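# Report on the structure
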Amino acid sequence: MEIAALQAFVEVADHQSFSEAAETLFLTQPAVSKRVALLETELDTRLFDRIGRRVSLTATGAALLPRARRLINDARELKRVVSDLSGEVRGRLAMGTSHHIGLHRLPAPLKRYTELFPGVDLDIRFMDSEAACRAVETGDLELAIVTLPPTTPPMLQLQTIWDDPLAFMVGLDHPLADREQVSLQELIAYPAVLPGTTTYTRGILEDAVRIAGVELKVAMATNYLETLHMLVATGLGWSLLPATVLDAKVHEVRVDGFALSRRLGAVTHRKRSLSNAGTEMIRVCIGG
């Protein structure tokens, strides 16, 4: 059973598309179809139901998927361990990060990293922090540089790199724009535009207001912080966002008794060794 065939199977399952899997693997669609067909022949079973353009896993395919992921990850781990024994910093580093961190925190560290370690093939995937943590947990990513979860999941290790203060902000035309400090009750009388309910940032705010015994009026939600900044500037509501996005288009409002922040940092798997490339990435980020 070839690892390449398993990789093709996993990518088709993840994308529910042979063409999108081909793009991810930098192969032609017929090449991906051939690899999956060879795997189906070897296992003597059908792994996908193909109805028109729709692709879905069969019951056998669904049972195989987590085991295929483990085999692929074990193969990568073996290759990584052998490579790291030389002490060299090279090879592939699959890491995830959020769009916000990619824009505001990583440019300088990435520039320095690529200068120091040109032999590393960086595979950087932009996604929500919560999805990146899950990808590290399943082995799809070796490392994530993201917003850290408030509590540490059992299979993950968290390392804080940056403290990220959060700021309440409103548009320049908002009724509270001429105030430097307000009560929580005054703020929540107006609608909010906030990160999605499943995000760590939203959880920080909801935990704080729950303790205060109040409820939020949410007009709109999105996981893209730059979009939320635009909505605040447009006047659609107040928000709680990283202080790094404060600019002349919005006004910071301090709320009595609230000084909220989140942690940004590295997420790795407790039971998987970190490659030399991953270790150096964390070190460079910590060094600025």
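Refer to the preceding data block for the structure.
All of these numbers come straight from a predicted model, not from anything done at the bench.

### Brief notes about the packing of aromatic side chains
Aromatic rings considered in pairs are described by the distance between their centres and by the relative angle of their planes. For the coordinates displayed, the defined rule picks out five aromatic pairs. Here the aromatic cluster, defined as three or more aromatic residues joined through ring pairs, consists of Phe-9, Phe-18 and Phe-48.

### Quick notes on the nonpolar core
Phe-168, Leu-205, Trp-238 and Leu-260 are the most contacted members of the largest nonpolar core, which has 22 residues in total. Among the secondary structure elements, those contributing two or more residues to this core are strand S6 (156-171), helix H8 (184-188), strand S8 (192-194) and helix H9 (200-212). The greatest single-element share of this core, amounting to four residues, is contributed by H9.

### A few points about the pairing of strand S13 (residues 261-269)
For S13, the tally of buried residues reaches seven of nine residues, placing the bulk of the element in the interior. Pairing geometry for strand S5 (residues 143-147) and S13, over four bridges, is antiparallel. Paired with Ile-145 across the bridge in S13 is Ala-266. Pairing of S6 with S13, which is carried by nine bridges, proceeds in the antiparallel orientation. Residue Asp-164 lies in a different strand from S13, and its bridge partner there is Arg-262.

### Topic: the packing of helix H6 (residues 107-116) against helix H11 (residues 276-287)
Taken N-terminus to C-terminus, the directions of H6 and H11 make an angle of 135 degrees; their axes are 9 Å apart at the nearest point. In this view, H6 runs oblique relative to H11, as classed from their interaxial angle. As for how H6 packs across H11, the hand of that crossing is right-handed. Between H6 and H11, the contacting residues are Pro-109, Leu-110, Arg-112, Tyr-113 and Leu-116 on the first element and Ala-277, Glu-280, Met-281, Arg-283, Val-284 and Cys-285 on the second. The residue inventory of the contact of H6 with H11, partitioned by class, reads eight nonpolar, no polar and three charged.

The rules behind these values
Residues numbered from 1 in each chain as written. Predicted model: local features only at pLDDT ≥ 70, side-chain atom pairs only at ≥ 80, totals over all residues. Heavy atoms only, no water. Phe/Tyr/Trp six-rings, centres within 6.5 Å; stacked < 30°, edge-to-face > 60°. Core = buried A, V, L, I, M, F, W, Y, C linked by side-chain atoms within 4.5 Å. Buried < 20%, exposed > 50% of the residue type's maximum accessible area, 1.4 Å probe, protein only. Helix = DSSP H or I, 4+ residues; strand = E, 2+ residues; numbered from the N terminus. Pairing = 2+ DSSP bridges. Axes fitted to C-alpha atoms, helices over the stretch in contact; angles between N-to-C directions. Parallel < 35°, antiparallel > 145°, perpendicular 65-115°, else oblique. Left-handed = near helix turned anticlockwise from the far one by under 90°. Contact = heavy atoms within 4.5 Å. Nonpolar A, V, L, I, M, F, W, Y, C, P; charged D, E, K, R; others polar.

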